Structures are given as C-alpha cells and as structure tokens.
Amino acid sequence: FMLTFSTTSECCNATLWKIIGYSIILLTMFNNVPQIVKIIKAKSVDGLMQSMFVINMALNINRSLYFYHAGLHISLYGESILIVIQNVIIIILMWKYDLTITLSSKILICLMFTGYPLFFLYHPGIP
C-alpha cells in the first residue's frame, strides 16, 4: 500500500497550529509545578493569596467552557484545563497550611467551582 500526504498550504497550516496547540498544552503541564514543590518543601504558603488562584481558576474555567460549547478542538483550550487542575492543587495546599482560611470560605469555593461548570456543561438552554 502507498501513503499519500497532502502538502497544500491549508493542510500544512492546520498541522502546524495543531502542533503548536499540543506543545502549549504539554508545556503548561509544568506551569505551576515549581510553586507546588516550593509550597510542599516549605510547608508554608506565606506570601500567596488564595484569591489570586481562585480568580485565575474562574477565568480558565470560563475559557474552557466557552471553547467547549463553541465546539472547538481541545488543542485550543487544553492548557486552561491543566491550569485549573494545578490551581486546585495549590488551593488545597493553601487550605492545609494556612489555618486562617475559614471553613465557610472553603465550602463557598467548592460549591462555586463545582456547581458553575456543571451548570454550564449540562444546562439544556446553552448551545
């Protein structure tokens, strides 16, 4: 059998953008790893603000949901999902090491970031 490859500029552009998208996703896997390692080694979150990670998580959830509902390929928004996962890890570490964060704050954040995405993923009125 014979393999044939298309070398049209449209095909090459699409392939190039897919490679760039997946490369960004791959590199994003290591975005917050140094911060996570530093927190674990120091057993401290001094100097970090929980609100910074919560806002970042909200923005990346919004972006992921928008691109998902628009039917776009995951190579365009996959890094946002990885950033959300890393922010969740950091927030959990903050809850472990910062005893001043209240239980009500933790519950509110959990409800907000589980209910909000579920609503937009499964609401029938949202295309």
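Quick caveat, the model's predicted, so the values are computed rather than measured. (Residues numbered from 1 in each chain as written. Predicted model: local features only at pLDDT ≥ 70, side-chain atom pairs only at ≥ 80, totals over all residues. Heavy atoms only, no water.)

### Thoughts on helix H4 (residues 78–97)
Its 20 residues give H4 an end-to-end C-alpha distance of 29 Å, which sits within 8% of 28 Å, the value for a rise of 1.5 Å per residue. Buried residues belonging to H4 abut helix H1 (9–28), helix H2 (33–42), helix H3 (50–69) and helix H5 (103–122). (Helix = DSSP H or I, 4+ residues; strand = E, 2+ residues; numbered from the N terminus. Expected span 1.5 Å × (residues − 1). Contact = heavy atoms within 4.5 Å.)

### Some words on the nonpolar core
Among soluble globular proteins, nonpolar side chains are generally buried collectively. Grouped together as the largest cluster of nonpolar side chains are 17 residues, with contacts concentrated most on Met57, Ile61, Ile90, Ile91, Met94 and Phe113. At the level of elements, H2, H3, H4 and H5 are the ones that each hand at least two residues to this core. It is H4 that contributes the most residues to this core, six residues altogether. The contact partners of Phe113, leaving out residues within four places of it in the chain, are Val54, Met57, Ala58 and Ile61. (Core = buried A, V, L, I, M, F, W, Y, C linked by side-chain atoms within 4.5 Å. Buried < 20%, exposed > 50% of the residue type's maximum accessible area, 1.4 Å probe, protein only.)

### Describing the side chain of Gln50
In this structure, Gln50 sits in helix H3. Look at Gln50 and you get buried, because its relative accessible area is 13%. Beyond its immediate chain neighbours, meaning those up to four positions away, Gln50 contacts Met94, Trp95, Ile101, Ser105 and Ile109.

### Examining the pattern of salt bridges
Scanning the model with the defined rule gives one salt bridge in all. For Arg63, the salt bridge is made with Glu79, and the minimal N-O distance between the two is 2.6 Å. With Arg63 in helix H3 and Glu79 in helix H4, this pair connects stretches of sequence that are 16 residues apart. Given the relative accessible area of 13%, Glu79 is considered buried. (Salt bridge = Lys/Arg side-chain N within 4 Å of Asp/Glu carboxyl O.)

### What about the confidence of the model for the protein chain?
Averaged over the protein chain, the pLDDT score is 86; the fraction of residues at 70 or greater is 92%. Per-residue pLDDT, averaged within each element of the protein chain, yields its smallest value for H1 (80) and its largest for H2 (95). (pLDDT = per-residue confidence, 0-100.)

### A closer look at the packing of H2 against H4
Where H2 meets H4, the axes come as close as 10 Å, and the angle between the chain directions of the two elements is 15 degrees. Considered as vectors, H2 and H4 are oriented roughly parallel to each other. When the axes of H2 and H4 are compared, the crossing they make is left-handed. Each of Gln35, Ile36, Ile39 and Ile40 in H2 lies in contact with H4, whose residues at this interface are Gln86, Ile89, Ile90, Leu93 and Tyr97. (Axes fitted to C-alpha atoms, helices over the stretch in contact; angles between N-to-C directions. Parallel < 35°, antiparallel > 145°, perpendicular 65-115°, else oblique. Left-handed = near helix turned anticlockwise from the far one by under 90°.)

### Description of the packing of aromatic side chains
In total, this model carries two aromatic pairs according to the counting rule given. A centroid spacing of 5.8 Å and a plane angle of 85 degrees characterise the contact between Tyr66 and Phe67, whose relative ring orientation is edge-to-face. Residue class for Phe67 comes out buried when judged on its relative accessible area of 18%. Each ring, one from Phe67 and one from Tyr77, has its centre 6.1 Å from the other, and the planes form 35 degrees; the classification is tilted. In this pair, Phe67 sits in helix H3 while Tyr77 sits in the loop between H3 and H4, placing the two residues 10 residues apart along the sequence. Members of the aromatic cluster, connected to one another through ring pairs, are Tyr66, Phe67 and Tyr77. Here the basic side chain of Arg63 rests over the ring of Phe67, its NZ or CZ set 4.8 Å away from the ring centre. (Phe/Tyr/Trp six-rings, centres within 6.5 Å; stacked < 30°, edge-to-face > 60°. Lys NZ or Arg CZ within 6 Å of the ring centre and 35° of its normal.)

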